[in-house]
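# Breakdown of the fold
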Amino acid sequence: YNNIISEMEDNIKFLNARLEQEKQNKILLREQFLKKKSHNDEAIHFEQTLSKLNKKIEGKEQEIISLKHQLESKEEYIQLLLKQDDPDITRDIDVSLLQQKRYLFVGHANEALPELRRVFPNSIFMDSENMSINDIKVDGIVMLIKYMSHAMFYKVNASKTKAVRVPLYIGRQNWLLYTSP
């Protein structure tokens, strides 16, 4: 994960350097434009080139902003994956109350936790990134972080379903806390 973050940071540095280079080119062209303004044909050419450079600069700035947002999202996802489950936490949970609710389980639960479908028969299971989760009605979202892909994480965060409070993040260790009677 550090390689991904490092690579994205290097890419941002590279794009910032390119942006500075384009800004310097813009300044040079502007100076040439002012010197040769008397020659109308050359002035039009320089003005067009200057306009193109301005568009390039705007595009690079937008690309940098987009990469920064992607980096923040990936860092958040990586932190969730690296977060250790606390085995010392024990709670008395009435599973029958939980089973009455309808949840959206996000992750490849069929492979990792097949008992989920048996324990929560009223729930919806997002086993694939291609599943549409817009406008579904659930009482809560359970994100099985050890068993889900980046695409699933981003899809749930972008979905309208996210309006359901804060998602519950479950790993393999704390799963036993929620399923034992």
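One can find the structure itself at the top, above this paragraph.
Attention here is on the structure that accompanies the text. (Residues numbered from 1 in each chain as written. Predicted model: local features only at pLDDT ≥ 70, side-chain atom pairs only at ≥ 80, totals over all residues. Heavy atoms only, no water.)

The next subject is the pairing of strand β3 (residues 140-144). Extensive coverage of β3 is indicated by the burial of five of its five residues. A two-sided burial pattern is seen for β3, the buried positions comprising Gly140, Val142 and Leu144 on one face and Ile141 and Met143 on the other. As paired strands, strand β1 (residues 103-106) and β3 are joined by four bridges and run parallel to one another. Bridged to tyrosine 103 within β3 is glycine 140. (Buried < 20%, exposed > 50% of the residue type's maximum accessible area, 1.4 Å probe, protein only. Helix = DSSP H or I, 4+ residues; strand = E, 2+ residues; numbered from the N terminus. Pairing = 2+ DSSP bridges.)

In total, this model carries two salt bridges according to the counting rule given. The closest approach of N and O atoms between glutamate 22 and arginine 18, which form a salt bridge, is 3.9 Å. Highlighted residues: glutamate 22 and arginine 18, both in helix α1 (residues 2-35), separated by four residues, approximately one helical turn. Residue classification places glutamate 22 among the buried residues on the basis of a relative accessible area of 7%. Arginine 117 is the salt-bridge partner of aspartate 127, the closest N and O atoms lying 2.4 Å from each other. A residue pair is termed long-range when its members are at least 10 positions apart, and aspartate 127 in the loop between β2 (124-126) and β3 and arginine 117 in helix α5 (residues 115-119) qualify at 10 residues. (Salt bridge = Lys/Arg side-chain N within 4 Å of Asp/Glu carboxyl O.)

What follows covers the pairing of β1. Of the two faces of β1, the one lined by Tyr103 and Phe105 and the one lined by Leu104 and Val106 are each fully buried. The sheet contact formed by β1 and β2 spans three bridges and is parallel. If you follow valine 106 over to β2, its bridge partner there is methionine 126.

Attention now goes to helix α6 (residues 150-158). Of the positions making up α6, those classed as buried are Met152, Phe153 and Val156. Taken end-on, α6 shows its buried residues confined to a sector of 100°, consistent with a single buried face. (Arc of directions from axis to C-beta.)

Let us look at the side chain of lysine 60. Along the chain, lysine 60 falls in helix α2 (residues 40-82). Within the buried set, lysine 60 has no salt-bridge partner at all; the shortest N-O distance to an opposite charge, 4.4 Å, is to glutamate 63. If we skip the residues at most four places from it in the chain, lysine 60 touches Leu15, Arg18 and Leu19. (Lys, Arg positive; Asp, Glu negative; His and termini not counted. Contact = heavy atoms within 4.5 Å.)

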